[in-house]
Amino acid sequence: MHIKQYKPKCGKICAGTGLFSIVGVVSYEAYRTYSALTNLVDTRVLDVDRKRPDYIYIKHHIYRQSLLEQLEQERRDSKLVNIVVQPFGKWWKALKHSVAWRLLRIAQEGELADRLKAIKQLALIDHLKDWKQDWDFQHLAQLCDARTAVALARSNCDSRWFLPPRQYGVEKETREVLVGVKQLIEHLVPDHCAEYVLGHTFGSHQIKEPSGDDGVHYPVNSATFEHDQMKQALSALVHLTTVEENCRKIIEAGGLLTLIEVEKLYKDDIDMKLTLSRIVANLSVGDERSYDFFASGWLSILSRWQKDIDMRMQVTTDLTLSNLDRDDPNCFTYESNVYPLYPKSRREKKPDVDIVFVHGLLGGVFVTWRQKDLKPQAASLLGKKHKSVSLVSSTTCAKAPTGGGGDGSNIRTATPTKPTSPFTNWSAKKSSYDDDERDAEEGIASAKEEVLTLQPTPPKPHPSISDTATQELIQALQEDEPLSSDWSVVFPDIPLVADEKYTSPAVHAKQNREGRYSVSGEKWLQEPLGDESVGRSFCWPMEWLPKDFPNVRVIGLNYNSSLSEWSASGCPCEKYDGKLEKRAGEFLKKLARSNVGQDRPVVWVGHSMGGLLIKSIMVQAAQSEDPAIRRIAENSHAVMFLGTPHRGSAIAKLKQHTSALVWPSVEVRELEENSTQLLHLNKTFLKAIAGLSKKPEIVSICEGIPTELTSFKVPLHIVPESSARIDEGDFYITKEDHLSLSKPMCRQSFLYQRLISVIWCAMQSARDETEQHHDQEKTSIGTTISHGKTSSVFTDVYRQLRQFEKLFNIFL
């Protein structure tokens, strides 16, 4: 029985053992076959393209130094203090990094108010500035989107927030980049200007010079020729990119990457950089261009340009970033030649007033509106320190402005409360013989008269000075004694004639309180004169006005002009019949797109021909049927003319033979004395401002001395009094030449102080109009409410009477 039961089990065990044996033999034979085939075929040929590990071989002393530094770090970490502090420090750093990443997420995904706050906080981050922590910035830059990156760039944050352009360290050859620029212009071939550029800039590669009978052609230097071609091509692109359709074609053709290659070549050439920045600014005008600039890497370059030492680069970069920033509720669009001088970054609220500056013939934003060059003959520099300066006492007293029908009798000069003397007009002068003639013209004593040099020891009293008080004053000034507060200092550019017909009582009250043509000595000393430590201002509207009015917008209009057609720099394809009127129309459209004067007052300041442009702009705005453009004229509260030739200038008229030789430009021909166009413009302007709901304040300032235009020092009156008078508003004649009218010496100059009064009155008038409008709305709302209450009372009475009538009928 037992043997029969175990037979089936033994059979199963034997069968299983045989099956496993067969599987093992087959596997072993398969392994031997695979090994034999592997030895026959070399499979390493398939790994030719595979990345192999790279080895860095370093020198022994470098490796040893790194080991020593590592051991020193471990020794410092093993100290008891570091054992306790280091974990806390690591936790603190990790927390700060986490805060930065969370703020970045809010800036990308939060609501508008939260995004603005997050951007402001991200721009203030200062705990990631260690060079060892650049990876934090790189990580955050990779997480940034286009909208957030543009907002950070406008906040003037660290440049490491932005990823550099791809392969930025690799520079192409000039010829290769020039070919790329040429291809960009070829995409605009239907444009006549583009065809002209291709034909004249890239049409020939040799310059043929006149020679003998041999007819040999002399090729120029290749590098110089390519540089000139690039310069001409970029100048042409500045003009071509003023058309928005051309900008779209250039961006679609990859023009931003080509311009980056140009920037690599000329990163140290300021002229080429300025031209390139103008092209980039024109490309940023269109809608939704922020991603194109972000993806190409231009934000990194723009962030670096923001910190450039050249003010022109900074302003043009701010213009570009403002056009790209569509997430700012107070953003504005600026087209070509419209430069936002202030503010530079985002603002929490819209500006209270727009101040627009327009330069004159041959001027510019950073040429016309620069601070006057400091010369030692500044007229009222009492208590001011300057190198190589000597005090000169003038034997003539300061002239008080005389009124031509105005209130000139109320004008007072700088009068001390101490005993007076005949020597009340003081000036600082350099002891040089070359300036004697000009000083005599300006009423300043020459160097041959009494000169008291600033020295630690007081000089001997001059025999011509008999007044003891005057000698004591001079001695005190020589000892650098500060000016006391009971003295008033006359403005350096005090008017010779003040004909005030329009000035409002509010302006009179403000000026009389602070000193109409003078300033207290204490306030004078608080204003730096602009020595080497402070620096001169190349654009005083941009630097001075924000100090007095923090919430304003300052705009500078720029345009090219020339005296002769031989030096004209405009596009040859464009022929202007009336350049003044057409240019004013173009600026008017650009200003309307920049939201100028839509819900705030406008103050205009124009020098020379810039005043004529302002008049033409206001006339066209007043006659326009577009409500946005007409509001520019309606909200124009003040216009300040500086040497504007309302009736032309005599120097613009040339004789026939001289005109054929000089070939005067269109601008010069438009400024001819008593020309029909200027007289018609003046008449139309006066009629236009008279038809406005509120007449703007007009202030005119005229030159009082001739201007020396050439090195021969030939004095010429550019704009005489007869042409500068517009027969409207206030009129002043100052002791400045035509070129110095727009260049105040300091913030206490009459020009700047009169402009402050104009802006202050414009803002006050706007506030009064707003309050009056609110009062009218409240009155209308109150009337509506009272009318509603009255009608509701009558309704209740009528309803009660109807109920009483029904009840009475029931009883009946």
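Please read these numbers as outputs of a predicted model, since none were measured by experiment. (Residues numbered from 1 in each chain as written. Predicted model: local features only at pLDDT ≥ 70, side-chain atom pairs only at ≥ 80, totals over all residues. Heavy atoms only, no water.)

Turning our attention to the overall build of the chain. A tally of helices and strands in the chain yields 29 helices and 15 strands. Of all 812 residues assigned to the chain, the portion counted as buried reaches 44%. Look at the contacts in the chain between residues 6 or more apart in sequence, and 79% of them connect residues 24 or more apart. Surface exposure of the chain reaches about 45,300 Å², of which carbon and sulfur atoms provide 56%. (Helix = DSSP H or I, 4+ residues; strand = E, 2+ residues; numbered from the N terminus. Buried < 20%, exposed > 50% of the residue type's maximum accessible area, 1.4 Å probe, protein only. Contact = heavy atoms within 4.5 Å. Areas by Shrake-Rupley, 256 points an atom, 1.4 Å probe, with all protein chains shown as cover.)

Bringing the side chain of K615 into the picture now. Among the secondary structure elements, K615 is positioned in helix α23 (residues 609–623). Buried within the structure, K615 lacks any salt-bridge partner; D727 is the closest side chain of opposite charge, at an N-O distance of 10 Å. A polar contact of 3.0 Å, which involves the side chain of K615, links it to the side chain of H646. The contact partners of K615, leaving out residues within four places of it in the chain, are F641, H646, L681, N682 and F685. (Lys, Arg positive; Asp, Glu negative; His and termini not counted. Salt bridge = Lys/Arg side-chain N within 4 Å of Asp/Glu carboxyl O. Polar contact = N/O pair within 3.5 Å; in protein donor to acceptor, adjacent residues only side chain to side chain.)

Attention now moves to helix α10 (residues 244–252). Of the residues making up α10, those classed as buried are N246, C247, I250 and I251. Down the axis of α10, the buried side of the element spans an arc of 135 degrees, and every buried residue falls inside it. Just downstream of α10, G254 is the residue with a positive phi angle, here 80 degrees. (Arc of directions from axis to C-beta.)

Let us look at the pattern of salt bridges. As enumerated under the stated definition, the model contains 30 salt bridges in all. In this structure, the salt-bridge partner of K120 is E348, at a minimum N-O distance of 3.5 Å. You can see K120 sitting in helix α4 (residues 112–123) and its partner E348 sitting in the loop between β1 (338–342) and β2 (354–358), a full 228 residues away along the chain. A single network of salt bridges, built from pairs that share partners, joins R154, D325, D328 and R346.

If you walk across this open sheet you meet the 8 strands as β1-β9-β2-β10-β11-β12-β15-β7, and the pairing is mixed. Each edge of the open sheet is held by one strand with a lone partner, namely β1 and β7 (495–499). On average, each strand axis in the sheet is tilted by 15 degrees relative to the strand beside it, whichever way the strands run. Two strands pair when backbone bridges link them, and β7 and strand β15 (residues 730–734) are joined in this way by 4 bridges, in the antiparallel orientation. Residue pairing in the sheet places D499 in a bridge with F731 of β15. On the sheet, helix α21 (residues 540–548) packs against β1, β2 and β9 (553–557) and is oriented at approximately 155 degrees with respect to β2. (Pairing = 2+ DSSP bridges. Axes fitted to C-alpha atoms, helices over the stretch in contact; angles between N-to-C directions.)

So, on to a nonpolar patch on the surface. Taken together, the side chains of I651, L709, V714, L716 and L739 make up a nonpolar region of the molecular surface, amounting to roughly 390 Å² of accessible area. Structurally, V714 can be placed in the loop between β13 (707–708) and β14 (715–716). On the accessibility criterion, V714 (41% relative accessible area) is partly exposed. (Patch = residues over 30% accessible without salt bridge, like charges linked within 9 Å, V, L, I, M, F, W, Y side chains within 5 Å.)

Turning next to the packing of aromatic side chains. Here the structure, examined in full by the defined rule, presents 10 aromatic pairs. Aromatic side chains W540 and W544 sit 5.9 Å apart centroid to centroid with 40 degrees between the ring planes, which places their arrangement in the tilted category. Taken as a pair, W540 and W544 lie in helix α21 at a separation of 4 residues, close to a single helical turn. Both residues of the pair, W540 and W544, belong to the buried class. Consider the rings of F641 and F685, whose centres lie 6.1 Å apart with planes at 80 degrees: the pair is edge-to-face. In this pair, F641 is assigned in strand β11 (residues 636–642) and F685 in helix α27 (residues 676–690), connecting sequence segments 44 residues apart. The pair formed by F641 and F685 is uniform in burial state, with each residue classed as buried. In this structure an aromatic cluster arises from ring pairing among F357, W369, W540, W544 and Y752. Lying over the aromatic face of F332, R553 brings its terminal NZ or CZ to 4.0 Å of the ring centre. (Phe/Tyr/Trp six-rings, centres within 6.5 Å; stacked < 30°, edge-to-face > 60°. Lys NZ or Arg CZ within 6 Å of the ring centre and 35° of its normal.)

Note that S742 resides in the loop between β15 and α29 (750–811). By relative accessible area, which is 0% here, S742 ends up buried. Apart from the residues within four sequence positions on either side, S742 is in contact with T368, W369, R370, W540, H607, L642 and L751.

Further remarks concern the packing of helix α11 (residues 255–265) against helix α14 (residues 298–306). To characterise two packed helices, one gives the angle between the axes of the helices and the distance between these axes. In contact at an axis separation of 11 Å, α11 and α14 are set at 40 degrees when each is read in the N-to-C sense. It follows that α11 is oblique to α14 by the angle criterion. The handedness of the crossing between α11 and α14 is left-handed. Two secondary-structure elements touch here, α11 through L256, L259, I260 and E263 and α14 through W298, I301, R304 and W305. (Parallel < 35°, antiparallel > 145°, perpendicular 65-115°, else oblique. Left-handed = near helix turned anticlockwise from the far one by under 90°.)

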